[in-house]
Amino acid sequence: MTAALHVATAGVVDIAGVTLGGSSPVRVIAGPCSVESREQFLQAATAVKAHGASLLRGGAFKPRTSPYSFQGLGVLALEIMREVADELQMPVVTEARALDDVTPVAELADMIQIGARNMDNHALLRAAAATGKPLLLKRGMTASVDDLLGAADVILAEGNDQIVLCERGSRTFEPSTRNSVDIAVVPEVRTRSELPVIVDPSHGTGRTDLVPALSVAGVAAGADGLLIEVHPHPERALSDGDQSLTTAGFAHAMRRVQAMALAVGRTI
Ligand code: PEP
Ligand code: MN
């Protein structure tokens, strides 16, 4: 593999007809952490579409810190997401947590997420890249920008340049937030790669009350998009309820994000 492959890309990623990056509008990817039922996913998806999201997200295979936490509905969740995404005519992104997940995720989703815990799992990166699907690559919780761009190079070396990078925060000594989002990563990636970059304020903070401010900050720093967790009833969520916006909270956050997008000369 040659060095610095990450400069050799078109800079625009096409996710089932929705472009992200370059001069595309700021794209908001939203939905619940985990798909818990058809009803729950449909409610979240309908609301986020109404308030300006252009892509859906949901978890089917959940990478959890504890093995006793909810692990996701698996293929059933993929089927629910596909059905609802088709109904609402929106692309959907979900994570492949392991090699075995890659084929079903590629068959049923429009974009494959590589989670923070797997950023440097090269076998998974290669298998996901080989499907030809666009990939959402999250920065590992202890990974540097170099590490992130190196992981992107593993994908590029498979001939897949449809990569969106995601800043989702790192583990630091700060106890008040789940992770520490490094906003500087957005302009830094911009100077070193043409790959689009988005911010995940949900996993980045772990706190519903901080998500709107971090969303606005991401757009102000030049992010091409945001990844936001939304649940119709966060208090009942089976995963990440503490960082999930209600549908009303999402509507409110989107108004602030839209104002910032306009201020920095972007549409949304
Ligand atoms: C997620 O987006 O659902 C997720 C688990 O994120 P991360 O890999 O960033 O923790
Ligand atoms: Mn989550």
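Scroll up for the structure.
Described in the following lines is the structure provided in the data block. Here the structure is a predicted model, which is why all the values come from computation and not from measurement. (Residues numbered from 1 in each chain as written. Chains lettered and ligands numbered in written order. Predicted model: local features only at pLDDT ≥ 70, side-chain atom pairs only at ≥ 80, totals over all residues. Heavy atoms only, no water.)

It is worth spelling out the overall build of the protein at this point. When helices and strands are tallied, the protein shows 9 helices and 10 strands. Its C-alpha atoms give the protein a radius of gyration of 17 Å, near enough to 18 Å, the size a compact globule of 268 residues would have. With the principal axes as the frame, the protein shows a C-alpha extent of 50 × 40 × 40 Å. Counting the 268 residues in the protein, one finds 57% classified as buried. (Helix = DSSP H or I, 4+ residues; strand = E, 2+ residues; numbered from the N terminus. Rg over C-alpha atoms; globule rule 2.2 N^0.38 Å. Buried < 20%, exposed > 50% of the residue type's maximum accessible area, 1.4 Å probe, protein only.)

Before going further, it helps to examine helix α6 (residues 185-192). Burial in α6 covers these residues: Val 185, Val 186 and Val 189. Taken around the axis of α6, the buried residues stretch over an arc of 100°, which confines them to a single face. (Arc of directions from axis to C-beta.)

Of note, Gly 115 is situated in the loop between β6 (111-114) and α4 (122-130). Relative accessible area serves as the criterion here: at 4%, Gly 115 is assigned to the buried category. Considering only alpha carbons, one finds Gly 115 and Met 141, 26 residues apart in sequence, at a separation of 9.8 Å.

All residues adjacent to ligand 1 are Arg 57, Lys 62, Pro 63, Glu 95, Gln 113, Gly 115, Ala 116, Arg 117, Lys 138, Arg 168, His 203 and Glu 229. Side-chain polar atom of Gln 113 to an oxygen atom of ligand 1: 2.8 Å apart, as the coordinates give it. One of the side-chain nitrogen or oxygen atoms of Arg 117 is found 3.0 Å away from an oxygen atom of ligand 1. Mapping ligand 1 onto the cavity grids shows that it belongs to the largest pocket. (Near = heavy atom within 4 Å. Polar contact = N/O pair within 3.5 Å; in protein donor to acceptor, adjacent residues only side chain to side chain. 1 Å grid on protein atoms, 1.4 Å probe; cavity = no way out; pocket = protein on both sides within 12 Å on 5 of 7 lines; lining within 4 Å. Sits in = over half its atoms within 2 Å of the grid points.)

Once that is clear, we can look at the sheet that holds strand β8 (residues 163-167). Strand pairing in a sheet is mediated by backbone hydrogen bonds. Such pairs are either parallel or antiparallel. The 8 strands lie next to each other as β3-β4-β5-β6-β7-β8-β9-β10, forming a closed barrel whose pairing is parallel. Strand-to-strand twist of the sheet, defined as the mean angle between neighbouring strand axes without regard to direction, takes the value 25°. Two elements, strand β7 (residues 135-138) and β8, share 4 bridges in a ladder whose sense is parallel. By the bridge assignment, Leu 136 is partnered in β8 with Val 164. Most of the contacts of α6 go to strand β9 (residues 197-199), to which it runs at about 175°, and overall it touches β8 and β9. (Pairing = 2+ DSSP bridges. Axes fitted to C-alpha atoms, helices over the stretch in contact; angles between N-to-C directions. Contact = heavy atoms within 4.5 Å.)

Here the largest pocket defines a volume of roughly 270 Å³. In terms of lining, the largest pocket is formed by 22 residues, of which the most central are Lys 62, Pro 63, Arg 117, His 203 and Asp 240. The residue inventory of the lining of the largest pocket, partitioned by class, reads 4 nonpolar, 9 polar and 9 charged. (Points joined across faces, edges and corners; volume = space filled by probe spheres on them. Nonpolar A, V, L, I, M, F, W, Y, C, P; charged D, E, K, R; others polar.)

Each donor-metal-donor angle would ideally measure 109.5 degrees in four-coordinate tetrahedral geometry, or 90 or 180 degrees in six-coordinate octahedral geometry. Coordination of the manganese ion (ligand 2) by the protein involves Cys 33 (SG), His 203 (NE2), Glu 229 (OE) and Asp 240 (OD), with metal-donor separations of 2.0 to 2.3 Å. Each donor residue of the manganese ion (ligand 2) belongs to the same chain, with the gaps between them written as C-x169-H-x25-E-x10-D. You can see His 203 sitting in helix α7 (residues 201-205) and its partner Glu 229 sitting in strand β10 (residues 225-229), a full 26 residues away along the chain. The residues His 203 and Glu 229 share a single accessibility class, namely buried. (Donors = N, O, S within 2.8 Å, 3.2 Å for Na, K, Ca; no water.)

On to the pattern of salt bridges. In total, this model carries 14 salt bridges according to the counting rule given. Between Glu 229 and Arg 57 there is a salt bridge; the shortest N-O distance is 3.5 Å. With Glu 229 in strand β10 and Arg 57 in strand β4 (residues 55-57), this residue pair connects regions lying 172 residues apart in the sequence. For Arg 57, a relative accessible area of 4% corresponds to the buried category. (Salt bridge = Lys/Arg side-chain N within 4 Å of Asp/Glu carboxyl O.)

Let's shift gears to the nonpolar core. If you look at the biggest cluster of nonpolar residues, it comprises 65 residues, and the most contacted ones within it are Phe 41, Leu 137, Leu 165 and Phe 250. Once residues lying within four places of it in the same chain are set aside, the contact partners of Leu 165 are Leu 137, Leu 148, Leu 149, Ala 152, Val 189, Leu 195, Pro 196, Val 197 and Ile 198. Core analysis: the next-biggest nonpolar cluster, separate from the first, contains 13 residues, Ile 29, Val 93, Met 111 and Val 164 among them. (Core = buried A, V, L, I, M, F, W, Y, C linked by side-chain atoms within 4.5 Å.)

This part is about the packing of helix α1 (residues 38-50) against helix α2 (residues 75-88). In contact at an axis separation of 10 Å, α1 and α2 are set at 35° when each is read in the N-to-C sense. For the crossing formed where α1 meets α2, the hand is right-handed. Touching Arg 38, Phe 41, Leu 42, Ala 45, Thr 46 and Lys 49 of α1 are Ile 80, Met 81, Glu 83, Val 84, Glu 87 and Leu 88, all from α2. (Left-handed = near helix turned anticlockwise from the far one by under 90°.)

Glancing now at the packing of helix α8 (residues 211-220) against helix α9 (residues 247-263). The geometry of α8 relative to α9 is characterised by a closest axis approach of 9 Å and an angle of 20° between their N-to-C directions. In terms of orientation, α8 and α9 fall into the roughly parallel class. Our pair here, α8 against α9, has a crossing hand that is right-handed. Here Pro 212, Ala 213, Ser 215, Val 216, Val 219 and Ala 220 of α8 lie close against α9, whose contacting residues are Ala 253, Arg 256, Val 257, Met 260 and Ala 261. Split by residue class, the contact of α8 with α9 holds 9 nonpolar, 1 polar and 1 charged. (Parallel < 35°, antiparallel > 145°, perpendicular 65-115°, else oblique.)

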